[in-house]
Structures are given as C-alpha cells and as structure tokens.
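A closer look at the structure
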Amino acid sequence: MSDDTLNMTDETNGDFPKTERTKLKRLPKRGAFDRQTVYGILDEGFVCHVGFVADGHPVVIPTAYGRAGDVVYIHGSRASRMLRAAGAGAEVCVTVTLIDGLVLARSAFHHSMNYRSVVIFGTARAVESDEEKTEALRAFTEHVMRGRWDDVRWPSARELSQTTVLALALEEASAKVRTGPPIDDEEDYEMKVWAGVVPLETVVGEAVPDPRLPAETPLPEYVERFDVSTRNES
Ligand SMILES: Cc1cc2nc3c(=O)[nH]c(=O)nc-3n(C[C@H](O)[C@H](O)[C@H](O)COP(=O)(O)OP(=O)(O)OC[C@H]3O[C@@H](n4cnc5c(N)ncnc54)[C@H](O)[C@@H]3O)c2cc1C
C-alpha cells in the first residue's frame, strides 16, 4: 500500500457515481455524493454499522472503523463472524450516522432529526501482509485520535496474526443530510405549541488517567485539545 492511500487527508476529487443502489429515491434533495461531504461524515464518526448476510439471514453489527484516503478499515478478532463473513467476500453495506439535533414539530407526524449519514456498498478485502495490516492499524488509531500512533507500542507479529483487518474501498457511497427547523403542515403553524430544534453534540469530558499511570506522565497535547468534530480536519 502506498503512503498516498494511507494519507488521512482526502486528495481524491470528484463525486461518487450515483448507482442504482445509491441513488436516493426518498427526499433526494438531502442526498450528497461529493467526497468532501462523505469523508467529512466518516472522519467525524467513531462507529459504523456493517450489514451483511450470514447463514442466509441479514445481520447488522456495530463496530469501530477508520478511514485512510479512499479506504475504510475495520478490524477485530479472527473469531469475529462479521470479519470472517466480510473477509470471505460477502457483500457489505456499511453505514455511519451522526445526530445533530432533535427536530420537534407541531405534529407528532413531522418530528424528525437533524443528521448526517453515509451508506457505503462494496465487497471488503482481507488485508494479508503484516506491513499493510500495520499501516491499516495506524490509520485506524489515527482516525480515533490523531497523534496517538507515534506514542504507543506498535502491534507485534503475534498481535497482527490475531487480528483480522478488512479494507473496504470507497467506490459506491452516498450521504444524506438533514438540517434546519421542522417542516409542519401549513395549518399547524397556528398552534401554540413549542417547535424547533434541540441541538445534540458529543462533548469531550476531562481525561481520566489510568490509576497505574506514573504520576509524572504528562497529558499529551492531542488529548488535551481533542475535539470530536474537527479532529480529522486537515
Ligand atoms: C438519524 C436518522 C433518523 C432517520 N429517521 C427516519 C425515520 O424515522 N423514518 C424514515 O423513513 N427515515 C428516516 N431516516 C432516513 C432514512 O435513513 C432513509 O433515508 C429513508 O427511510 C429512506 O429509506 P429508503 O430505503 O426508502 O431510501 P432510498 O432513497 O430508496 O435509498 C436509496 C439509496 O439512497 C441512499 N440513502 C438512503 N438513505 C440514506 C441515508 N440516511 N444516508 C445515506 N445514504 C442514504 C443509499 O445509498 C440507499 O441505498 C433517518 C435517517 C437518519 C440518519
């Protein structure tokens, strides 16, 4: 794998193609296919949901992920059914969802949420070489907290052999974004009931040192300054 592929920044321009699978039929005006929007959502998220068919029935499993360039990596134990199924060539559908607000309308029917979400389709590739696995785990670690990889012990050969890493190329993806106030039926705007948006965001709490941490160990700057929404901006 080249360094370019693993660069955390997005150097690939151009929109994702609208395919039969990704073309939004429901509220298409909320759709987005530009890489900036899709990658912005992926870079802010921590958890994806991996959907696949195993033993004849659909399964959706939440898991952590990382993006590096045009690839999303997921990883885990070799015993994971999800990783075994997806690594054996099963088609997957991966989603990432960010919630920005609760949209309270005047009618129960028009309640909604402000959100940014991504849907990705593809067939994952099992990462085989230790070199690429290490690079993928670096991308994974840096996705969660940029700056961390340089401080920590890198995976040993044994740890790598116990870890399955899958790479999902970002080739077929869509984003959908809802913003703004509720959209009520015209006659309901006369109602004397509060309506609007309750914003939601992920707030970073104060870091709690491990009880076994030597007292003199300084808090890394990247932890002190950690910001969920901007952490992967260039
Ligand atoms: C937090 C949240 C809450 C939601 N609540 C509701 C709800 O209560 N009821 C409801 O009907 N819908 C809700 N949605 C929207 C929902 O995700 C679907 O977009 C919608 O239900 C239409 O589904 P569909 O299969 O008919 O979409 P279609 O338009 O037929 O989907 C076609 C393609 O469009 C793309 N697409 C569709 N939805 C999304 C998406 N959300 N993100 C990225 N790409 C997408 C995919 O590539 C998909 O394969 C919510 C979305 C989010 C993120």
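So, how was this worked out
In this numbering scheme, every chain counts its residues from 1 along its sequence in written order. Whole-chain, interface and lining totals are the exception, using all residues; otherwise, since this is a predicted model, local features are given only for residues with pLDDT of at least 70 and side-chain atom pairs are given and counted only at 80 or more. Side-chain numbers come from the whole structure's heavy atoms, not from hydrogens or water. By definition, any uninterrupted DSSP run of H or I lasting at least four residues is a helix, any uninterrupted run of E lasting at least two residues is a strand, and each is numbered from the N terminus. Three exposure classes are used, based on accessible area relative to the maximum for each residue type with a 1.4 Å probe and protein chains only: buried under 20%, partly exposed in between, and exposed over 50%. We call two residues in contact when some of their heavy atoms are within 4.5 Å. Note on areas: these come from Shrake-Rupley sampling with a 1.4 Å probe, and a residue is covered only by the protein chains present in the view. In this tally, Lys and Arg are treated as positive and Asp and Glu as negative; His is ignored, and so are the chain termini. Each charge is placed at NZ for Lys, CZ for Arg, CG for Asp and CD for Glu. Any residue with relative accessible area above 30% and no salt bridge may belong to a patch, with like charges joined within 9 Å and the nonpolar Val, Leu, Ile, Met, Phe, Trp and Tyr side chains within 5 Å. Think of a salt bridge as a Lys or Arg side-chain nitrogen and an Asp or Glu carboxyl oxygen that are within 4 Å of each other. For two strands to pair, DSSP has to find at least two bridges joining them. Every axis in this analysis is a line fitted to C-alpha atoms, fitted for helices over the stretch in contact. Angles between the N-to-C directions lie between 0 and 180 degrees. Two N or O atoms form a polar contact when they lie within 3.5 Å of each other; inside protein one atom must be a possible hydrogen donor and the other a possible acceptor, and for residues adjacent in sequence the pair counts only when both atoms belong to side chains. Summary of the distance rule: residues count as near a molecule or strand when at least one heavy atom falls within 4 Å of that molecule or strand. We define a nonpolar core as any set of buried Ala, Val, Leu, Ile, Met, Phe, Trp, Tyr and Cys residues linked to one another through side-chain atoms lying within 4.5 Å.

When you go through the protein residue by residue, the secondary structure sums to 6 helices and 11 strands. Oriented by its inertia axes, the alpha-carbon framework of the protein measures out at about 65 × 50 × 35 Å. The buried share among the 234 residues of the protein stands at 39%. By sequence separation, contacts in the protein at least 24 residues apart represent 74% of the contacts at least 6 residues apart. Of the roughly 13800 Å² of accessible surface on the protein, a fraction of 53% belongs to carbon and sulfur atoms. For the protein, the distance from the average position of its 27 positive side-chain charges to the average position of its 38 negative side-chain charges is 5 Å.

Another aspect to go through is a negative patch on the surface. On the surface, Asp185, Glu186, Glu187 and Glu190 cluster together into a patch of negative charge. Within the fold, glutamate 190 resides in the loop between β10 (172-178) and β11 (196-199).

What follows covers the sheet that holds strand β9 (residues 163-169). The strand order β4-β5-β9-β8 describes an open sheet built from 4 strands, whose pairing is antiparallel. Among the strands making up the open sheet, the edge pair consists of β4 (66-68) and β8 (125-126). When strand β5 (residues 71-77) meets β9, the two strands line up antiparallel, connected through 7 bridges. Bridged to glycine 76 within β9 is threonine 164. Each of β4, β5, β8 and β9 is contacted by helix α4 (residues 130-144), which is oriented at about 100° to β5, the strand it contacts most.

We now examine the side chain of threonine 163. Note that threonine 163 resides in strand β9. Of the polar contacts made by the side chain of threonine 163, one reaches the backbone oxygen of glutamate 159; its length is 2.7 Å. Sequence-distant contacts of threonine 163, that is, excluding residues within four places in its chain, are made with His75, Gly76, Arg78 and Lys133.

Looking now at the site of the ligand. Taken together, 17 residues lie around the ligand, and Arg21, Lys25, Ser117, Ser174 and Lys176 are the ones closest in. The separation between a nitrogen atom of the ligand and a polar side-chain atom of serine 117 is 2.7 Å. Within the complex, 58% of the 870 Å² of free accessible area of the ligand lies under protein. Contributing elements (two or more residues each) for the shell around the ligand: β6 (91-104), β7 (112-123) and β10. Per-element tally for the shell around the ligand: the top contributor is β7, with 6 residues.

In this structure, Val38, Leu42, Val50, Phe52 and Ile120 are the most contacted members of the largest nonpolar core, which totals 32 residues. For this core, the elements supplying multiple residues, two or more each, are α2 (35-44), β2 (47-54), β5, α3 (81-87), β6, β7, β9 and β10. Apart from residues no more than four positions distant in its own chain, leucine 42 is found in contact with Tyr65, Arg67, Val72, Val96, Val118, Ile120, His143 and Leu170. Core analysis: the next-biggest nonpolar cluster, separate from the first, contains 11 residues, Val127, Ala139, Trp149 and Val165 among them.

By themselves, these figures tell us nothing about what the structure is for.
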